[in-house]
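# Coordinate analysis (summary)
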Amino acid sequence: QSPWANFTQAPPDPIIGLTEAYQNDDFPQKVNVGVGAYRDDSGMPFVLPVVRQVEKEITAEELDHEYSGIAGCPSFVDLAMKFAYGEDCVPLLEGRIAGVQTLSGTGGLRVFGEVLNSFGHTEIHIPNPSWGNHVPIFRNAGLDVKTYSYYNKENSSLDFEGMIADIKNIPEGKCILLHVCAHNPTGMDPQIDQWKEISSVVKEKKLLPFFDCAYQGFASGDARIDAASLRLFVEDGHKVALVQSFSKNMGLYGQRVGALSVVADSQEEAQRVLSQLKVHIRPSYSNPPRHGARIVQKILSDEQKTDAFVEQCSSMAGRINSMRATLKQTLEDLGSSRDWSHITKQIGMFAYSGLTKEEVTVLREKHHIYCTLDGRISMAGVTSKNVKYIAEAIHDVSK
Ligand SMILES: Cc1ncc(COP(=O)(O)O)c(CN[C@@](C)(CC(=O)O)C(=O)O)c1O
C-alpha cells in the first residue's frame with residue numbers, strides 16, 4: 001500500500017483558500033475581498049512606479065545570483081530597521097539591535113517563534129481576533145498560543161478595558177504579540193495615549209513585547225509615522241522584538257521581503273542574539289532571496305525614491321479610505337438598519353464588517369462575493385465599479 005495512504009485531506013486555508021475558490025468561480029460579477037492584497041480601481045494588482053524604476057536599474061547592473069548570507073542583505077536590514085525604529089532611535093545608534101532579513105513577515109514570525117521556544121519562552125499571547133495565520137505559525141514553532149481581549153463585537157470597537165485587564169492577567173515574563181498599526185482583521189488601533197498605558201502595563205508585568213509590522217504605510221497613510229507604537233515602546237526601554245513585512249506597503253507580496261529584529265542590552269548581547277537567529281534560519285531555509293531585498297534597499301537608501309515610495313503607498317491608503325466612505329454611504333442610502341460607522345473608523349487594509357458566518361456564506365454563495373468567514377472585507381478589493389454591487393449584496397444579507 002502507498003506510503004502516503006494515511007495523508008488525510010487538509011481543509012483549505014481560510015484566507016488563501018478563498019482566492020482559489022474565487023478563481024474557480026466563473027460568475028461575471030464575482031468579487032474577491034478576501035486576501036489583503038492591494039488592487040487599483042480597476043481591480044488589478046499595483047506595482048509601485050518606484051519599484052518598476054529600481055527594477056530597471058537593478059537589471060542594468062547585471063548583478064550575480066550568489067547566495068545571500070544567512071542574515072540576508074546587511075544594508076537592506078539596516079535600512080529596514082531605520083524605517084521602522086526611526087533614524088534617531090538610541091538602541092539603533094548604539095548598535096544594539098540584532099537584525100536579519102527573513103522570508104517576509106511569515107518567515108520572521110516563525111523564526112522568532114522557534115527562537116523564543118528554544119530559550120524557554122513557550123507561551124505567546126496574541127490579540128483576539130488576530131491574523132488567522134498567527135496561531136498555526138506559533139503552534140508549529142512549538143509555542144502554546146493564548147489570547148487577550150481586543151475587540152468589542154457589540155459596538156464594533158476596540159475593547160481597551162478588556163485588553164488591559166487581560167494583559168494585567170498575563171503571567172510575568174510571557175511574550176505578548178502586538179500589531180504595530182492597521183490591526184488585522186479589525187482595523188481598530190489603540191490611540192497613542194492607550195499605547196502609553198499598554199506600555200506601562202507590559203513593563204509592570206515584565207512581558208516580552210513582540211511587534212508585527214505588516215502595514216507600515218496603510219494606517220495613517222504616511223509610512224514614516226505609522227510606527228509610533230513601536231517607537232514609544234523602545235523609548236520606554238522595552239527590549240522589543242519586531243517583524244516587518246514589505247509585502248503590502250511596497251507591493252512585493254510574492255518576492256517575500258521581510259526582516260526580524262531584536263533590541264538588546266548591549267552590542268555584545270545583540271551579537272549573541274543575532275547568532276541564535278542565524279542558528280535557526282540556516283537549517284530552516286538557509287538564506288533569503290535577493291531580488292526583493294535589492295529593490296527595498298535601493299528605494300530606502302535614496303531620499304527621493306523613499307519620498308516617492310511613501311507618496312505612492314499613501315495613495316494606496318487614500319484609495320482604500322475613499323472606498324470606506326463610499327461603501328458606508330451606499331449602505332446608508334440603501335436604508336440599511338445597521339450602524340456602519342465602524343467601516344470609516346477602521347484603518348488599514350480591512351473592514352471588520354460584523355457580518356455573521358451565515359451572512360458571509362450567503363454573500364459568497366448567492367452574490368459571489370468572497371470575504372473571510374469572520375466577516376473581514378479587504379477594502380483593497382472594493383472599487384468605484386463594484387462598490388454599489390457589494391453594498392447591495394451586504395444589504396441583502398443583513399437587512
Ligand atoms: C498581521 C500580518 N502579519 C504578517 C503577515 C504576513 O505577510 P507576509 O508573509 O506576506 O509578509 C500578514 C499578511 N496577511 C495577508 C495580507 C495575507 C496572508 O494572509 O498571507 C492577509 O490577507 O491577512 C499580516 O496580515
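Since this is a predicted model, take the numbers as computed values, not measurements.

Here the focus is the site of the ligand. In the vicinity of the ligand, 17 residues are found, and the nearest of them are Ser104, Gly105, Thr106, Asn184 and Tyr215. In the model, an oxygen atom of the ligand is placed 2.6 Å from a nitrogen or oxygen of the Ser104 side chain. Residue Arg376 places a side-chain N or O atom 2.8 Å away from an oxygen atom belonging to the ligand. In isolation the ligand offers 530 Å² of accessible surface; the protein chains occlude 92% of this area. In terms of residue class, the shell around the ligand is built from six nonpolar, seven polar and four charged.

The next thing to look at is the pairing of strand S2 (residues 97-103). In terms of residue burial, S2 counts as a mostly covered element, since six of its seven residues are buried. Sheet topology places S2 next to strand S10 (residues 257-263); seven bridges connect them, and they run antiparallel. Along S10, the bridge assignment pairs Gln101 with Ala259.

In this section: the confidence of the model for the protein chain. Interpreting fine coordinate detail is not advised for predicted regions of low pLDDT. Chain-level statistics for the protein chain give a pLDDT mean of 97 and a share of 100% at 70 or above. Taken together, the chains of this predicted complex give a pTM of 0.97 and an interface ipTM of 0.98.

Where strands meet in a sheet, backbone hydrogen bonds hold them as pairs that are either parallel or antiparallel. Read from one edge to the other, the open sheet built from seven strands follows the order S2-S10-S9-S8-S7-S3-S4, with strand pairing classed as mixed. The sheet is open, and its two borders are formed by S2 and strand S4 (144-149), each paired with just one other strand. Going across the sheet, the axis of each strand differs from the next one's by a mean of 25°, ignoring polarity.

Residues Glu87, Asp88, Glu235 and Glu303 make up a contiguous surface patch of negative charge. Looking at the secondary structure, you find Glu235 in helix H9 (residues 228-235).

Quick look at the packing of aromatic side chains now. Per the counting criterion, the structure on display carries 14 aromatic pairs. Their ring planes at 65° and their centres at 5.7 Å tell us that Phe76 and Phe246 sit as a pair that is edge-to-face. A residue pair is termed long-range when its members are at least 10 positions apart, and Phe76 in helix H3 (residues 74-85) and Phe246 in the loop between strand S9 (241-245) and S10 qualify at 170 residues. Exposure class is identical for Phe76 and Phe246. Each is buried.

This paragraph deals with the side chain of Gln312. Note on placement: Gln312 falls in helix H12 (residues 303-333). By relative accessible area, Gln312 is classed as buried at 11%. Not counting the four nearest positions on each side in its chain, Gln312 is found in contact with Leu48, Pro49 and Val50.

Applying the stated rule across the entire model yields one cavity of 30 Å³ or more. There is about 30 Å³ of room inside the largest cavity. Around the largest cavity, the lining residues are Tyr148, Tyr150, Met163, Leu178, His179, His183, Pro190 and Trp195.

An α-helical turn contains 3.6 residues, so a residue and the one three or four places further along point in the same direction. Counted at 1.5 Å a residue, the expected span for H12 with its 31 residues is 45 Å, and the 45 Å between its end C-alpha atoms agrees. Following H12 by one or two positions, Gly335 adopts a phi angle in the positive range, close to 85°.

On to the state of the cysteines. Two cysteines joined by a covalent bond between their sulfur atoms form a disulfide. In this structure the tally under the stated criterion is zero disulfides. In this model Cys89 remains outside any disulfide bridge; the closest cysteine sulfur is found in Cys213, 13 Å from its own. On the basis of relative accessibility, which here comes to 6%, the residue Cys89 falls in the buried class. The structure places no disulfide on Cys213, whose sulfur is separated from the nearest cysteine sulfur, that of Cys181, by 5.3 Å.

What counts as what
- Residues numbered from 1 in each chain as written.
- Predicted model: local features only at pLDDT ≥ 70, side-chain atom pairs only at ≥ 80, totals over all residues.
- Heavy atoms only, no water.
- Near = heavy atom within 4 Å.
- Polar contact = N/O pair within 3.5 Å; in protein donor to acceptor, adjacent residues only side chain to side chain.
- Areas by Shrake-Rupley, 256 points an atom, 1.4 Å probe, with all protein chains shown as cover.
- Nonpolar A, V, L, I, M, F, W, Y, C, P; charged D, E, K, R; others polar.
- Buried < 20%, exposed > 50% of the residue type's maximum accessible area, 1.4 Å probe, protein only.
- Helix = DSSP H or I, 4+ residues; strand = E, 2+ residues; numbered from the N terminus.
- Pairing = 2+ DSSP bridges.
- pLDDT = per-residue confidence, 0-100.
- Axes fitted to C-alpha atoms, helices over the stretch in contact; angles between N-to-C directions.
- Patch = residues over 30% accessible without salt bridge, like charges linked within 9 Å, V, L, I, M, F, W, Y side chains within 5 Å.
- Salt bridge = Lys/Arg side-chain N within 4 Å of Asp/Glu carboxyl O.
- Lys, Arg positive; Asp, Glu negative; His and termini not counted.
- Charge placed at Lys NZ, Arg CZ, Asp CG, Glu CD.
- Phe/Tyr/Trp six-rings, centres within 6.5 Å; stacked < 30°, edge-to-face > 60°.
- Contact = heavy atoms within 4.5 Å.
- 1 Å grid on protein atoms, 1.4 Å probe; cavity = no way out; pocket = protein on both sides within 12 Å on 5 of 7 lines; lining within 4 Å.
- Points joined across faces, edges and corners; volume = space filled by probe spheres on them.
- Expected span 1.5 Å × (residues − 1).
- Disulfide = S-S within 2.5 Å.

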